[in-house]
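# Fold and contact review
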Amino acid sequence: MAQIDLKDVVKRFGPHLAVKGVNLQVRDGEFLIMVGPSGCGKTTTLNMISGLERPTSGEIAIGGRVVNELEPGERGLGMVFQDLALFPHLTVYENIAFGLRVKKVPQAELDQRVRAAAEAMHIASLLAKRPAQCSGGESQRVALARTIVTNPSVFLMDEPLSSLDAKLRVDMRTELKRLHERLKSTFVYVTHDQAEAMTMADRIVVMSKGVIEQVGGPLDIYRKPASQFVAGFFGTPTMNFLAGEIDARDGTLAFASRSLREPLGDALPPSLAGRSIVLGVRSEHVEVGRGETPGRVQLIEPLGNESLVFFEFGGDAPLVAKVDAETRLRPGDNLTFGFNPAGYHVFDAASGARLN
Amino acid sequence: MSEAQVSQAPRTAPGARSGSFGRGLGAWLAQERVFRLIPFVAVEVIFVLVIIIPFLLTIYISFLKWRANRPFEQAYLSGFGNYQAVLTDPGFWSALGRTFYFAGAAVTLELALGFVLAMLVARTVRGKAAYITILLVPMMIVPVVVGYNFTMLYIDSGPINQLLAPFTQAMGLDPRIRWLSDPVAAQWAVILADVWQWTSLTFLIFLSGFSALPRQLVNAARVMGASAWQIFWRVELPLLRPAIVIAVVIRAMEALKIFDPVVLLTAGGPGTSSQSIAFYLWEQVWVFNKFSFGAAASIILLVIFAVLIFFGIWLLVRSSAAVGRERAA
């Protein structure tokens, strides 16, 4: 049993409030990813779970036991650090054995467990080497082997893939997910990379400025972001945002700005008429060649299977649309576009909260 | 006056004053192939003047029979006579042995104290800058002042004896330790003054070592359940090895030349019981005027110390190469 409960957890560094009262339950065996921009408090939250930081107030429980006063080593967890933190003066074998040695595990058992962990991470041939002699991917596996060897019920990972090159990072994602399937332990993983969060997580926690913006499954967060911040953080390219207000002139609600007027359907209560809003539309819901609004192409970004078209239409910022890879559009071409109303995200202009 | 006129004035002035020769020399020096050699030539000239020539002269003098209170014209070549005299002089060997004893004791204490102080200060959060400044003061004080201060501290009824009195009396010893006139106490008087002054340096070296320790490694060890003691022995100490080697090499090289506290505190006494090799050399040359004897002794010392320094540098290069390899990734 390794459920983690955070109750009103606050962390203050001098005058700076890094984490402003976080309430979160990490279910047993779950792969939970905390994601957010630098300085949003995700790593601080992770460090409070690990015990490297003490919460200023609030309660942290692992497996039902309050751990606020326990040392990191007494919490029964394993951690992989951003720069891996392998001991440079020890061999791979001794790095993996470290956690067992400090717990005075008998030599025979230690040797057997180190070799089993190395075997599991496919690094048995590296045991005699020093970390400096290992490649980036190998070091990553050593760090994982060092963590799994102590059989922790909770794995904490602080941006462990950030030092790898793009290709290796994608491979390691699959590997981590497989490791989670096999171990069935609770994983808490911190990253600023939304793609990592989307691909690996059972649930995602989006943080910003020390508070949780949204908790949910990857698709929930993508399809129904709770705030403009979450909407902008997830998805590539970034969601299109149009500032305007809700207009109720013809009896139905519509989005109106200087250059656009789009009916919003009946997803919103009529009481919102006149409210300043931000309309969010993902690039896949911008339909080029469908509607009647004219625009002019600025830039084409081919992605291979499809292309991104950046065009301006008289609004504050250009829009981006996903189109077929075979598009004939060229910069400077004129086009017409419309929106798919199914992809509307309506946010309050002042608070950023979702309205529909 | 406009700016153009101001900047023109100095450009024409030197040529006009030093004439065509000066202009020619200036132009020759300004050539790319000449100009880039100027710094090298300057360094080489200084090197030859202050190192090579005195060194060759020392070798030459070491083969002469010459005392400075006689005219140089009476000096004559004596082959290896001086070398034989040095190597058979028991005073030379006992001064050399005592120097190793001083250096060994002083450097050991300096390393231990500097290490502990650095460890404590590295963990301090508040007032760190103040502690560092205070702990570096001894190193910045002129050795003559240190020596003078210690002669006052060491007097029979001085503060050191007063502070030690409760302990010396408890052990049934005479509380008036004769720091500067007892043969054994005088040696420790010299050692302790050196320790007081140079612990600052080892402290500084270790402090930089401690601040360079990657915080994440300690965190990783903590999460794996290592105690503070295990973290120290298994993580911090091995990673500080290069700093330890640097401190040992630098301090040992310096301590083998120990001179100031000997002159200022004991003048090598009582008798010759606190003479270091540097003091012995100085006394032979400048008190007994045995210039050629001193020259031979310094050549012998040069050979002995060169071997030690070579060994020290070998240790240094080896350990920094090891760390370089480890940090390469």
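Residues numbered from 1 in each chain as written. Chains lettered and ligands numbered in written order. Predicted model: local features only at pLDDT ≥ 70, side-chain atom pairs only at ≥ 80, totals over all residues. Heavy atoms only, no water.

### Observations concerning the confidence of the model for chain B
Residues and elements named next belong to chain B. Note the threshold: The score called pLDDT rates the predictor's confidence residue by residue, from a low of 0 to a high of 100. Contacts are assigned to residue pairs that have any heavy atoms within 4.5 Å of one another.
In this model, chain B carries an average pLDDT of 86, and 91% of its residues clear a pLDDT of 70 or more. A low-confidence stretch, residues 1-16 (pLDDT under 50), is modelled with two contacts involving residues beyond four sequence positions or located in other chains. ipTM for the predicted complex: 0.82, alongside a pTM of 0.75.

### Let's talk about the nonpolar core
For clarity, the threshold we go by: By convention a nonpolar core is built from buried Ala, Val, Leu, Ile, Met, Phe, Trp, Tyr and Cys residues, the set being connected through side-chain atoms within 4.5 Å. A 1.4 Å probe rolled over the protein chains alone gives each residue an accessible area, and that area as a share of the maximum for its type sets the label: buried under 20%, exposed over 50%, partly exposed in between. Only runs of H or I of at least four residues qualify as helices and only runs of E of at least two qualify as strands under DSSP, and these elements are numbered from the N terminus.
Of all hydrophobic cores here, the largest spans 80 residues; its most connected members are Phe98 of chain A together with Phe92 of chain B. A total of ten residues in this core trace back to one element, the largest contributor, which is helix H5 (residues 90-123) of chain B. Contact partners of Phe92 of chain B, with chain neighbours within four places excluded, come to Val86, Ile277, Tyr280, Ala297, Ile300 and Leu301 of chain B. If you look at the next biggest cluster of nonpolar residues, it comprises 45 residues, including Ala97, Val149, Phe155 and Phe234 of chain A.

### Considering the sheet that holds strand E9 (residues 203-208) of chain A
What holds strands together in a sheet is hydrogen bonding between their backbones, with the strands either parallel or antiparallel. All names here are of chain A. Worth spelling out the cut-off: At least two DSSP bridges between two strands are needed for those strands to be called paired. Throughout, an axis means a line fitted to C-alpha atoms (over the contacting stretch in the case of helices), and angles, computed between N-to-C directions, take values from 0 to 180 degrees.
Strand order in this open sheet of six strands is E6-E7-E8-E3-E9-E10, and the pairing throughout is mixed. Bordering the open sheet on either side are strand E6 (77-80) and strand E10 (211-216), each of which pairs with just one other strand. Geometrically, the sheet is characterised by an average inter-axis angle of 15 degrees between neighbouring strands, direction not taken into account. For strand E3 (residues 31-35) and strand E8 (residues 186-191), the ladder comprises five bridges, and the chain directions are parallel. Across the sheet, Met34 pairs through a bridge with Val190, a residue of E8.

### Structural notes on the environment of Leu96 of chain B
Residue and element names in this part refer to chain B. Mapping Leu96 onto the fold places it in helix H5. As for Leu96 and Tyr280, which are separated by 184 residues in sequence, their C-alpha atoms are 8.9 Å apart. For Leu96, the contacting residues outside a window of four places in its chain are Ile277, Leu301 and Ile304.

### Considerations on the side chain of Lys11 of chain A
All names here are of chain A. Which entries qualify depends on this criterion: Each polar contact in these results corresponds to two N or O atoms within 3.5 Å; when the atoms are within protein, one needs to be able to donate a hydrogen and the other to accept it, and residues that are neighboring in sequence are counted only if both atoms are side-chain atoms.
Relative to the helices and strands, Lys11 is located in strand E1 (residues 4-13). At 2.7 Å, the side chain of Lys11 and the backbone oxygen of Arg54 are in polar contact. Aside from chain neighbours lying at most four places away, what touches Lys11 is His16, Leu17, Ala18, Val19, Thr44, Met48, Glu53, Arg54, Pro55 and Thr56.

### Some details on the domain arrangement of chain B
Residue and element names in this part refer to chain B. Which entries qualify depends on this criterion: An automatic or database domain assignment supplies the residue ranges for each domain. Here the quantity called buried area is the accessible surface, traced with a 1.4 Å probe, that two parts lose on coming together, added over both.
Domain assignment breaks chain B into domain 1 (14-82) and domain 2 (88-327). Distance between the C-alpha centres of domain 1 and domain 2: 36 Å. The partner domain 2 presents eleven residues to the twelve residues of domain 1 that form the contact. Across the domain 1/domain 2 interface, buried area totals approximately 900 Å², and carbon plus sulfur atoms make up 70% of it. Mapped by element, the contributors of at least two residues to the side of domain 1 that touches domain 2 are helix H3 (38-62) and strand E1 (64-65). Residue contributions to the side of domain 1 that touches domain 2 peak at five residues, all from H3.

### Notes on the interface of chain B and chain A
To be explicit about the condition: Each reported salt bridge corresponds to a side-chain nitrogen of Lys or Arg within 4 Å of a carboxyl oxygen of Asp or Glu. All residues other than Ala, Val, Leu, Ile, Met, Phe, Trp, Tyr, Cys, Pro, Asp, Glu, Lys and Arg, Gly among them, are scored as polar; the first ten of these are nonpolar and the last four charged.
The partner chain A presents 25 residues to the 19 residues of chain B that form the contact. Across the interface of chain B and chain A, roughly 2000 Å² is buried in total on both sides, 67% from carbon and sulfur atoms. Applying the counting criterion to the chain B and chain A interface returns one salt bridge. Residue Glu71 of chain A is joined to Arg222 of chain B by a salt bridge in which the shortest nitrogen-to-oxygen separation is 4.0 Å. Applying the counting criterion to the chain B and chain A interface returns four residue pairs in polar contact (both at pLDDT 80 or more). Taken together, the elements giving at least two residues each to the side of chain B that touches chain A come down to helix H10 (215-223), helix H11 (228-239) and helix H15 (291-327) of chain B. For the side of chain B that touches chain A, the class distribution of residues is eleven nonpolar, four polar and four charged.

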